[in-house]
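Now for the letters of each chain:
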Amino acid sequence: MNTIDRRSVLATGALALAGAATHSGRAEAQGAAKPIFSVPAITIPIAGEEGVFPVRRIYCIGRNYVAHAIERGSDPTREPPFFFQKPTDAIQYVALGAVADHPYPSLTKNYHHEVELVAALKSGGTNISPEHALDHVYGYTVGLDMTRRDLQNGMAAEKKPWEIGKSFDHAAVLGPIQPAAKTGHLAKGAISLAVNGAVRQNSDLDKMIWSVAEQIAKLSEAFELKTGDIIYSGTPENVGPVVKGDVLLCKIEGLPDMSIRIT
Ligand code: MN
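Keep in mind the model is a prediction, meaning the values are calculated, not measured. (Residues numbered from 1 in each chain as written. Predicted model: local features only at pLDDT ≥ 70, side-chain atom pairs only at ≥ 80, totals over all residues. Heavy atoms only, no water.)

Asks: Where do I start with the overall build of the protein chain in this structure?
Replies: Counting its secondary structure elements, the protein chain contains nine helices and 18 strands. A buried classification covers 48% of the 263 residues belonging to the protein chain. Carbon and sulfur atoms form 55% of the exposed surface of the protein chain, whose accessible area is close to 12,500 Å². (Helix = DSSP H or I, 4+ residues; strand = E, 2+ residues; numbered from the N terminus. Buried < 20%, exposed > 50% of the residue type's maximum accessible area, 1.4 Å probe, protein only. Areas by Shrake-Rupley, 256 points an atom, 1.4 Å probe, with all protein chains shown as cover.)

Asks: Where do I start with the coordination of the manganese ion in this structure?
Replies: For a metal bound by four donors in tetrahedral geometry, the ideal donor-metal-donor angle is 109.5 degrees, whereas six donors in octahedral geometry ideally sit at 90 or 180 degrees. Taken together, E114 (OE), E116 (OE) and D145 (OD) make up the protein donors of the manganese ion, found 2.0 to 2.1 Å from the metal. One chain supplies every donor for the manganese ion, spaced along it as E-x1-E-x28-D. The two residues E114 and E116 agree in class, both being buried. (Donors = N, O, S within 2.8 Å, 3.2 Å for Na, K, Ca; no water.)

Asks: What is the right way to look at the sheet that holds strand β16 (residues 240–242) in this model?
Replies: Whether parallel or antiparallel, the strands of a sheet pair through hydrogen bonds between backbone atoms. Overall, antiparallel pairing links the three strands, which are arranged β10-β7-β16 in an open sheet. If you trace the sheet from one side to the other, it starts and ends with β10 (147–148) and β16, each paired once. (Pairing = 2+ DSSP bridges.)

Asks: Where do I start with the pattern of salt bridges in this structure?
Replies: A full pass over the atoms with the stated rule returns nine salt bridges. A salt bridge links D101 to R261; the shortest N-O distance between them is 3.6 Å. With D101 in strand β6 (residues 99–102) and R261 in strand β18 (residues 258–262), this pair connects stretches of sequence that are 160 residues apart. Looking at D101, the relative accessible area reads 30%, which means it is partly exposed. Of the residues examined, R261 reaches a relative accessible area of 34% and is grouped as partly exposed. Note that E114 and R149 form a salt bridge whose closest N and O atoms lie 2.7 Å from each other. (Salt bridge = Lys/Arg side-chain N within 4 Å of Asp/Glu carboxyl O.)

Distances and angles like these do not, on their own, reveal function.
Structure (structure tokens):
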């Protein structure tokens, strides 16, 4: 299985440890308190750059394409976007040109693909206006919001948090960050996902109900966005199940393809 590049994780981890006392007010208040063990920093390689992108939080937008909102039972009118999070260590990084082994997770019998554009923030704030929101975007990549649909639906039916359906190990699949300085901002263009060569999801970024700029603006009303936050911007219609052995190929116009094999 491909995991985040170990060297970059270690390099960033060392930096994080060196800066820990200044980054954490609590650590300063306690004096030279040292962590009792190290936990790897989560980083994503950046295409064409030596530096890596450190991840602070993963936000995900739900039901952001009209046809997907309908298939999930929502009113497709422009109701406010809703958000959930995945843990940063749920990231599975997929290198360019690789077909990364992705483990079929425990507990589910209905494991779904959701191809999504991912935006990575270089800065943040609160109450960011849509007009200025894209100034905070460092870059983009292709992502998969992998979902244990049976567990998500089961918890939703009981009006319980559906964390178990969304926030498990390897559930946040993505490729290297492509700097927006090179790709430009992505507001339109084809987005698709094929399983074993057969196209399952096929839409256009311009069919998002809430654009990336609007997502950032809305998110920043609820949370202080910060450097290192990434946003999964929702999936188009025709989500569906995968099984062991399936090969998923994800495409977004203007970005390199990303692919995994379910194992
Ligand atoms: Mn999703």
